[in-house]
Amino acid sequence: MTNALERQAASLFTVGFYGKAVSDDLKGLLSRGVGGVIFFARNVGTPEEVLGLNRDIKAAANRPLLLAIDQEGGQVARLRNGFTELPPMRAVGATGSATLARELGGLIARELRAVGFDMNYAPILDIDTNPDNPIIAARSFGRTPELVTELGLALAAGLQEAGVAACGKHFPGHGDTSQDSHLELPTLPHAMERLERVELAPFRAAAKAGIASFMTAHVIFEAVDSKYPATMSRAVLTGILREKLGYDGMVVTDDVEMKAIADNYGVEEAVVLGLNAGVDHFLCCHTAELAHRAIEAIVRAVENGKLSQQILDTATRRFDSVRSRFAKPVGGAAGLSALRSAEHLALVARILGTVDPSLSVAGKDPTEVMERIRVERERERARTGS
């Protein structure tokens, strides 16, 4: 029987699952009380199947639940077959049009709502200042803080006006790194003056505009905290985001199974330090066992005094605020008429028709590497018996 503390700890997690049906692993996590579920390409079939699966997940949960996805556009778009093909944000940025960015946000939200999603982990607010960056590049609107701020906030507004929670990522900026946090722990050496002027500018504006959430970067910002990445850093999340920028919305981590966290700190340590730092919600996207262990780590930390109940209550309040605003019942099949509508296709054509065709090239989804990492870890566990 799950007690109140366990359910509260579980509610601070959004989890992934495998397959195109409600798996036993997912049923176990839903019964424990997780607050959300994230979809990847591995969960996506036809639009009708996605709609049915989202309906089944919410029925299995039998309570308000946030259904989330990464539908940025370009290389990171989980919904493809039967949905409007979204341009990379680099192409949107090249239009220089906040109006088009806002309309695109509305388009994305309408298609997400049509199949039952409540939250989109977008827009990217990272600035494309490093041509050697292996994971941001065309996902960014551009190379200046002014452009990224204007178009990023416009897209977020379009999403939220159409009923889908937006999430600005990756705070306080992943754009100038040359390492992939899926594989290693990046470090950014810039002075605070540079961070204030460049990296932080879009997040500062988004915080003021009331964006529903921010996602943390698994990156060490040496000028602020040379020991911990932003995801686990009180100096970054409380000192800068909460106190300096005045943000009281939901802070969600990037996937805690990424190597930047899992291989350097461990998931259990990361979630406890993360909550103490200012995190409200965690993504644990691939391994049910790790999600259960992370939940138990929070329970133990409260019981032994390493985490205060007040911190847990504050995180719960911020998550509940987003969930109560955006979590909706899954609609019916009639809503699928929004997908690839003439209006949606025409908007994408307007965007792409105004930019260099080379900007429509999306590249490879950087998150696909996590499937290989998961398989490698399972093989290692089988070999060692641990």
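Quick caveat: nothing in here was measured; it's all calculated off a predicted structure.

Participant: For this particular structure, what's the right way to read the layout of surface pockets?
Facilitator: Considering only enclosed or pocket space, the largest pocket measures out at about 430 Å³ in volume. For the largest pocket, the lining is made up of 31 residues, of which Phe40, Arg78, Asp365, Thr367 and Glu368 are closest to its centre. Taken together, the residues of the lining of the largest pocket sort by class into 12 nonpolar, seven polar and 12 charged. The volume enclosed by the second largest pocket comes to roughly 210 Å³. Only α9 (234-244), α11 (267-277) and α13 (309-326) provide two or more residues apiece to the lining of the second largest pocket. Element by element, the count of residues in the lining of the second largest pocket is highest for α13, at five residues. Taken together, the residues that form the lining of the second largest pocket break down as five nonpolar, six polar and four charged.

Participant: Looking at this model, I keep getting lost on the sheet that holds strand β9 (residues 213-216). Mind explaining?
Facilitator: In a beta sheet, neighbouring strands pair by backbone hydrogen bonds and run either parallel or antiparallel. Pairing is parallel across the open sheet formed by eight strands, whose spatial order is β6-β3-β2-β1-β12-β11-β9-β7. In this open sheet, the two edge strands, each paired with only one partner strand, are β6 (119-120) and β7 (167-171). Sheet analysis places strand β11 (residues 250-255) next to strand β12 (residues 281-284), joined by two bridges and oriented parallel. Its bridge partner lying in β12, Val252 is registered against His281.

Participant: In this structure, what is going on with the pattern of salt bridges? I would like to understand it.
Facilitator: Should the charged atoms of two oppositely charged side chains come close, the side chains can pair. A complete count under the given rule lists 26 salt bridges for this structure. Between Asp70 and Lys169 there is a salt bridge, with its nearest N and O atoms 2.8 Å apart. One end of the pair, Asp70, is in the loop between β3 (66-69) and β4 (71-73); the other, Lys169, is in strand β7, and 99 residues separate them in sequence. As far as the burial class goes, Asp70 and Lys169 line up, both buried. Here Glu103 makes a salt bridge to Arg350, at a shortest N to O gap of 3.2 Å. One end of the pair, Glu103, is in helix α5 (residues 98-114); the other, Arg350, is in helix α14 (residues 342-352), with 247 residues separating them in the sequence. Classification of Arg350 by relative accessible area gives partly exposed; the value is 45%.

Participant: Can you help me understand the packing of helix α6 (residues 145-161) against helix α8 (residues 200-209) in this one?
Facilitator: To describe two helices that pack against each other, one gives the angle between their axes and the distance between the axes. Viewed as axis vectors pointing N to C, α6 and α8 meet at an angle of 30°, and their least axial separation amounts to 8 Å. Considered as vectors, α6 and α8 are oriented roughly parallel to each other. Our pair here, α6 against α8, has a crossing hand that is right-handed. Where α6 approaches α8, its residues Pro145, Val148, Thr149 and Leu153 are matched on the opposing element by Ala201, Pro202, Ala205, Ala206 and Ala209. Classifying every residue of the contact of α6 with α8 gives eight nonpolar, one polar and no charged.

Participant: Is there a simple way to explain empty space enclosed by the protein in this structure?
Facilitator: In this approach a probe as big as a water molecule rolls over the atoms, and the regions it shows empty are the leftover space. Across all of its chains, the model carries two cavities of 30 Å³ or more by this definition. Roughly 50 Å³ of volume is contained in the largest cavity. Forming the boundary of the largest cavity are Gln71, Leu79, Phe83, Thr84, Leu86, Leu107, Ile108, Glu111 and Leu112. Counted as a void, the second largest cavity has a volume near 30 Å³. In this structure, the second largest cavity is lined by Pro172, Leu195, Leu200, Phe221, Val224 and Ile240. The residue inventory of the lining of the second largest cavity, partitioned by class, reads six nonpolar, no polar and no charged.

Participant: Hey, could you run me through α6 in this one?
Facilitator: Working note: α-helix, 3.6 residues per turn, so residues spaced by three or four point in the same direction. In this model, α6 (17 residues) spans 24 Å end to end at C-alpha, consistent with the 24 Å of a helix rising 1.5 Å per residue. Along α6, the positions that sit buried rather than exposed are Pro145, Val148, Thr149, Leu151, Gly152, Ala154, Leu155, Ala156, Gly158, Leu159 and Gln160. Its buried side turned inward, α6 meets α4 (89-95), α5, β6, α7 (192-197), α8 and α13. Gly163 occupies a position one or two residues after α6 and carries a positive phi of about 95°.

Participant: In this structure, what is going on with the packing of aromatic side chains? I would like to understand it.
Facilitator: The relation between two aromatic rings is expressed through the spacing of the ring centres and the mutual angle of the planes. Overall, the coordinates contain eight aromatic pairs when judged by the stated rule. Here Phe171 and Phe203 contribute two aromatic rings whose centre-to-centre distance is 5.3 Å and whose plane-to-plane angle is 90°, an arrangement assigned as edge-to-face. Separated by 32 residues along the polypeptide, Phe171 in strand β7 and Phe203 in helix α8 bring together distant segments of the chain. Here the two residues Phe171 and Phe203 agree in accessibility, since each one is buried. Consider the rings of Phe214 and Tyr247, whose centres lie 4.6 Å apart with planes at 55°: the pair is tilted. Residue Phe214 is located in strand β9, and its partner Tyr247 is located in the loop between α9 and β11; the two are separated by 33 residues in the primary sequence. Taken individually, Phe214 and Tyr247 each receive the classification buried, so the pair is uniform in this respect.

Participant: Whenever I open this one, the nonpolar core confuses me. Can you help?
Facilitator: As a rule of thumb, soluble globular proteins bury nonpolar side chains together. Judged by nonpolar contacts, the single largest core of 106 residues is most densely connected at Phe13, Phe39, Ile57 and Leu104. Counting residues per element, this core draws most heavily on helix α12 (residues 288-303), which supplies 10 residues. If sequence neighbours within four positions are ignored, Phe13 has contacts with Val34, Gly35, Gly36, Val271, His281, Phe282, Cys284, Ala294, Ile295 and Ile298.

About the thresholds
Residues take numbers from 1 onward in each chain, read along the sequence in its written order. Under the rules for a predicted model, residues below a pLDDT of 70 receive no local features and side-chain atom pairs below 80 are neither given nor counted, while totals for whole chains, interfaces and linings still include all residues. Water and hydrogen atoms were dropped before computing side-chain values, which therefore reflect all heavy atoms in the structure. Lining residues are those with an atom within 4 Å of a point, where the points come from a 1 Å grid over the protein atoms alone and group into cavities, where a 1.4 Å probe fits but cannot get out, or pockets, open sets with protein on both sides within 12 Å along at least five of seven lines. Grid points are joined across faces, edges and corners, and a volume is the space filled by probe spheres set on the points. When residue character is reported, Ala, Val, Leu, Ile, Met, Phe, Trp, Tyr, Cys and Pro are called nonpolar, Asp, Glu, Lys and Arg charged, and the others, Gly included, polar. Numbered from the N terminus, helices here are DSSP runs of H or I no shorter than four residues, and strands are runs of E no shorter than two. Strand pairing is assigned whenever DSSP identifies at least 2 bridges connecting the two strands. The working definition used for a salt bridge is a side-chain nitrogen of Lys or Arg within 4 Å of a carboxyl oxygen of Asp or Glu. Only protein chains enter the accessibility calculation, which uses a 1.4 Å probe; a residue is then buried when its area is under 20% of its type maximum, exposed when over 50%, and partly exposed in between. Throughout, an axis means a line fitted to C-alpha atoms (over the contacting stretch in the case of helices), and angles, computed between N-to-C directions, take values from 0 to 180 degrees. An angle below 35 degrees is read as roughly parallel, one above 145 as roughly antiparallel, one from 65 to 115 as roughly perpendicular, and any other as oblique. The handedness criterion is simple: a crossing whose near helix is rotated anticlockwise from the far helix by less than a right angle is left-handed, and one whose near helix is rotated clockwise is right-handed. Should any heavy atoms of two residues lie within 4.5 Å, those residues are counted as being in contact. A helix's residues, less one, multiplied by 1.5 Å, set its expected span. Centres within 6.5 Å are what make two rings of Phe, Tyr or Trp a pair, Trp counting through its six-membered ring; a difference in plane orientation under 30 degrees is then read as stacked, over 60 as edge-to-face, and the rest as tilted. Buried Ala, Val, Leu, Ile, Met, Phe, Trp, Tyr and Cys residues form a nonpolar core when they are joined through side-chain atoms within 4.5 Å.

By themselves, these observations are geometric and do not establish any function.
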